[in-house]
Amino acid sequence: MALWAIIPVKPLRRGKSRLAKVMSADKRADLNQYLLEHTIQVLNTIDEIEHILVISRDKEALSLARDLGARTVQEHGNPGLNTALSRAVEVAKSYETCGILIIPADLPRLEADDIRFILTHRNDPPVVVIAPDRKQEGTNALFVCPPDLIDFKYGKGSFEKHCQQARKLGVRLEICKLPSLELDLDEPEDFALMEEELRLSE
């Protein structure tokens, strides 16, 4: 059975509001579009992933995703991230997926090799694989096999909450601290780190 990657996406022109102090609304929209494109393009290079599913209430984001070969689900209203992801998993399950990988669309360093490393743990399920953010507070990649093994607990402290669920169930838990998955662009300090890296690479 196939592996699915699920990308939840906020409206391109509204996402990253916490960067408003350092970026204009137009530049934030451009950044969100670039990050979504980059995420899909990286995932498209990974043979183990058969389908990419983008879930959003933003028609512009969904159109862009389809242009890049992804499947899409349009959300209505504002159900919250965890509810949206649960719905996306139900779509994937209807196609008999054996596992799902959740990747947010705000990882500027995202590299295919780190995703492939996560997927090497997919054998011998049930398994939960988590890549935390650089502060080890958030969940920047989550692989679950079977796909409905745990409830999604995105939000404050999601990394520990997801770990606790796996431990409570007694299933195999793999924690992968991977360079390309540690930085997500949420706060001005995250953007400053990225700017510094870009200057150093020049």
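Model, not experiment: these values are computed from the prediction. (Residues numbered from 1 in each chain as written. Predicted model: local features only at pLDDT ≥ 70, side-chain atom pairs only at ≥ 80, totals over all residues. Heavy atoms only, no water.)

**Some points on the sheet that holds strand S3 (residues 71-74)**
Ordered in space as S3-S2-S1-S4-S6-S5-S7, the 7 strands form an open sheet in which the pairing is mixed. Bordering the open sheet on either side are S3 and strand S7 (172-175), each of which pairs with just one other strand. Averaged over all pairs of adjacent strands, the angle between strand axes in this sheet comes to 20 degrees, irrespective of strand direction. In terms of strand pairing, strand S1 (residues 3-8) meets strand S4 (residues 99-102) through 4 bridges, oriented parallel. Bridge pairing in S4 places Ile6 opposite Ile102. Across the sheet, helix H5 (residues 158-169) touches strand S5 (127-132), strand S6 (139-145) and S7, and the angle it forms with S7 is around 155 degrees. (Pairing = 2+ DSSP bridges. Helix = DSSP H or I, 4+ residues; strand = E, 2+ residues; numbered from the N terminus. Axes fitted to C-alpha atoms, helices over the stretch in contact; angles between N-to-C directions. Contact = heavy atoms within 4.5 Å.)

**Regarding the packing of helix H1 (residues 25-44) against helix H2 (residues 59-67)**
The contact between H1 and H2 brings their axes to 10 Å, and the two run at 30 degrees. The chirality of how H1 crosses H2 is right-handed. Across the interface between the two elements, Gln33, Leu36, Glu37 and Ile40 of H1 pack against Glu60, Ala61, Leu64 and Ala65 of H2. (Left-handed = near helix turned anticlockwise from the far one by under 90°.)

**Considering the confidence of the model for the protein chain**
The share of residues in the protein chain with pLDDT of 70 or more is 86%, and the mean pLDDT across the chain is 88. Across the protein chain, the element-wise mean pLDDT spans from 53 in helix H6 (residues 188-201) up to 98 in S5. Segment residues 198-202: pLDDT under 50, and 0 contacts once partners within four positions in sequence are set aside and those in other chains are kept. (pLDDT = per-residue confidence, 0-100.)

**Some words on the pairing of S3**
Here strand S2 (residues 49-56) pairs with S3 via 4 bridges, running parallel. Residue pairing in the sheet places Val54 in a bridge with Thr72 of S3.

**Details of the nonpolar core**
Ranked by size, the top nonpolar core spans 36 residues in total, and within it Ile7, Leu43, Ile49, Ile115, Ile118, Phe143 and Leu181 carry the most contacts. The residues contacting Ile7, other than those within four sequence positions of it, are Leu36, Thr39, Ile40, Leu43, Ile52, Leu53, Val54, Ile55, Ile103, Pro104 and Ala105. Residues Trp4, Ala92, Ile150 and Cys163 belong to the second largest nonpolar core, which totals 24 residues. (Core = buried A, V, L, I, M, F, W, Y, C linked by side-chain atoms within 4.5 Å. Buried < 20%, exposed > 50% of the residue type's maximum accessible area, 1.4 Å probe, protein only.)

**Describing the side chain of Thr139**
Summarising the element assignment, Thr139 is placed in strand S6. In terms of polar contacts, Thr139 uses its side chain to reach the side chain of Ser158, at 2.9 Å. For Thr139, the side chain forms a polar contact with the main-chain nitrogen of Phe159, separated by 3.3 Å. Contacts of Thr139, omitting those with residues within four sequence positions, involve Ile130, Ala131, Tyr154, Ser158, Phe159 and His162. (Polar contact = N/O pair within 3.5 Å; in protein donor to acceptor, adjacent residues only side chain to side chain.)

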